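# Architecture and fold: a report
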Amino acid sequence: MSTTHLFKPITIGKIALNHRMVLAPMTRIRADEATLAPTDLTTLYYAQRASQGGLLITEAVHISPEATPVWSIYPRVADVGGHVPGIWTKAQVQAWKTVVDGVHARGGRIFCQLLHTGRVAQPEIGKHPLVAGTDAPLPPVSSSATEIKSSTEEGNQYNWDQGATPPRALPESEIQRVIQDYAHAARNAIEAGFDGIELHAAHGYLVEQFLNNGVNQRTDCYGGSIENRCRLLFEIIQTLTDVMGRDRVGVRLSPTHIDPNTGQSKQVYFGVRDSDPDALYSAAVVGLNDYPLAYLMLTEPRVGGLNDKAEEERAYQHPLSNRPYRDLYKGTLIGAGGFTPTTAAQAVQDGAYDLIAFGRWFLANPDLPDRIRQNTPLNIYERTTFYGAGAEGYTDYPTISQPRGRFQQMNQTQIGATLATRKKRTP
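A few points on the structure. Treat the numbers as computed from the prediction; the structure is a model and nothing was measured. (Residues numbered from 1 in each chain as written. Predicted model: local features only at pLDDT ≥ 70, side-chain atom pairs only at ≥ 80, totals over all residues. Heavy atoms only, no water.)

Moving on, we get to helix 3 (residues 90–105). With 16 residues, helix 3 should reach 22 Å at 1.5 Å per residue; the first-to-last C-alpha distance of 23 Å fits that figure. Buried within helix 3 are the following residues: Q92, V93, A95, W96, V99, V100, G102 and V103. Where helix 3 is buried, its residues meet helix 1 (40–48), strand 4 (55–62), strand 5 (109–115) and helix 4 (172–192). (Helix = DSSP H or I, 4+ residues; strand = E, 2+ residues; numbered from the N terminus. Expected span 1.5 Å × (residues − 1). Buried < 20%, exposed > 50% of the residue type's maximum accessible area, 1.4 Å probe, protein only. Contact = heavy atoms within 4.5 Å.)

This is how it looks when you write it as structure tokens:
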């Protein structure tokens, strides 16, 4: 089908956009080791992907040392180094300002995704020079002292296979401190010039650890009922909207689903599950209507197949799972996870989503909107360079007008085609 629907202008809040293709937030682990701030390469990376009237969302930016993981579980990071960025120091704010200025110079808009990883962060961050010798609270913390269990079971999207330090449960007094850490990060985002912020409330991190009763075993006002487990989400959103103002806060959720055929949970990150995810996330999404958000982004539970070749990616064959939430949420809805240019256009045309966030394809194609408009071949992403330091697999992907160098390409109609053909031949 035609991708025309992806190029219809849209306004989210006070921001007018020329097209509906969003750069999805993606961990890249390339912050400066000493300052945990973005670098000149980071500035180039986002500027390359900026377009006139296009929206970019940053990688997860951590609100405090307590919120910051050390991603040495990835072999490449362990081998070549790299770190995730923060936004709690002046140096970090100034570095992000340079990134924002680079995006604005190309006519783009950019939101800063704010994250506290909860029990996923580990105590090693306390050894970092920015943290050592300070009184900064250290990880891991969570809703309850429920530890991450080593697991390679299907559905654990990050394949956590290392022992993790058990977290301590945040007392109510410290929950308010964490909320103020979010407020501090939001004020810093304003100082850096961001057009808005996104609350990362998905993928098994702190907010999801409060939402889901597989982790949250509390008996106070933040535990037990669905209303109580949603309390932290809504309190953070209220605080962020107080700081940012109307239409400048987005939220990301990754609703868990129970497969009716197997009874197994789908879209499980770091072992975070709920006994009744449909009821939980329906209540959360309905509750978001009470806030003047810029948008809600939902992750489709089809980001698996992380080792598949691009033309065989299993995720591209899965139907949409979050369609029911379109009827519950009254604002702007962004879809992310496993979209191709064709399925993205179909989702917008059908009204399932208003915009589509692309991750891997935007990573590998800095001029993705132009390529989709012209139906030109796409650079195939290199999984081995997703994470870790350096320009390789970061700022060296070519645009249409540049020589493709070592990068392989594929026609847009080929994405997932091999697997689709294989399925047709299966009795």
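For helix 4, with 21 residues, the first-to-last C-alpha span of 31 Å sits near the 30 Å given by 1.5 Å per residue. Inspection of helix 4 places E174, I175, V178, I179, D181, Y182, A183, A185, A186, N188, A189 and A192 among the buried residues, and these make up the whole buried set. The inward-facing, buried residues of helix 4 contact helix 3, strand 5, strand 7 (168–169), strand 8 (196–200), helix 5 (206–211) and helix 7 (231–244). A positive backbone phi angle near 95° is found at G193, which sits one or two residues after helix 4.

Counting residues in each nonpolar core, the largest one holds 87 residues, and the members touching the most others are I87, L233, V251 and L288. Element by element, the count of residues in this core is highest for helix 4, at eight residues. Once residues within four sequence positions are removed from consideration, L288 is found in contact with L233, F234, I237, V251, L253, L293, L296 and Y329. The next biggest cluster of nonpolar side chains, apart from the first, holds 16 residues, and it includes A24, M297, I334 and A357. (Core = buried A, V, L, I, M, F, W, Y, C linked by side-chain atoms within 4.5 Å.)

Per the counting criterion, the structure on display carries 15 salt bridges. For R323, the salt bridge identified is with D327, shortest N-O distance 3.9 Å. Taken together, the salt bridges that share partners define one network made up of E66, R168, E174, R177 and D181. (Salt bridge = Lys/Arg side-chain N within 4 Å of Asp/Glu carboxyl O.)

All right, on to the state of the cysteines then. By the definition in use, this model includes zero disulfides. Residue C221 stays outside any disulfide, its sulfur separated by 13 Å from that of C230, the closest cysteine. Relative accessible area serves as the criterion here: at 3%, C230 is assigned to the buried category. (Disulfide = S-S within 2.5 Å.)

It is worth spelling out the sheet that holds strand 9 (residues 249–253) at this point. Spatial strand order, 3-4-5-8-9-12-13-14: eight strands in a closed barrel with parallel pairing. Neighbour-to-neighbour, the strand axes of this sheet turn through a mean angle of 25°, independent of strand direction. Pairing analysis gives three bridges linking strand 3 (residues 21–23) to strand 14 (residues 355–358), with the strands arranged parallel. Note on strand 14: the bridge partner recorded for V22 is A357. (Pairing = 2+ DSSP bridges. Axes fitted to C-alpha atoms, helices over the stretch in contact; angles between N-to-C directions.)

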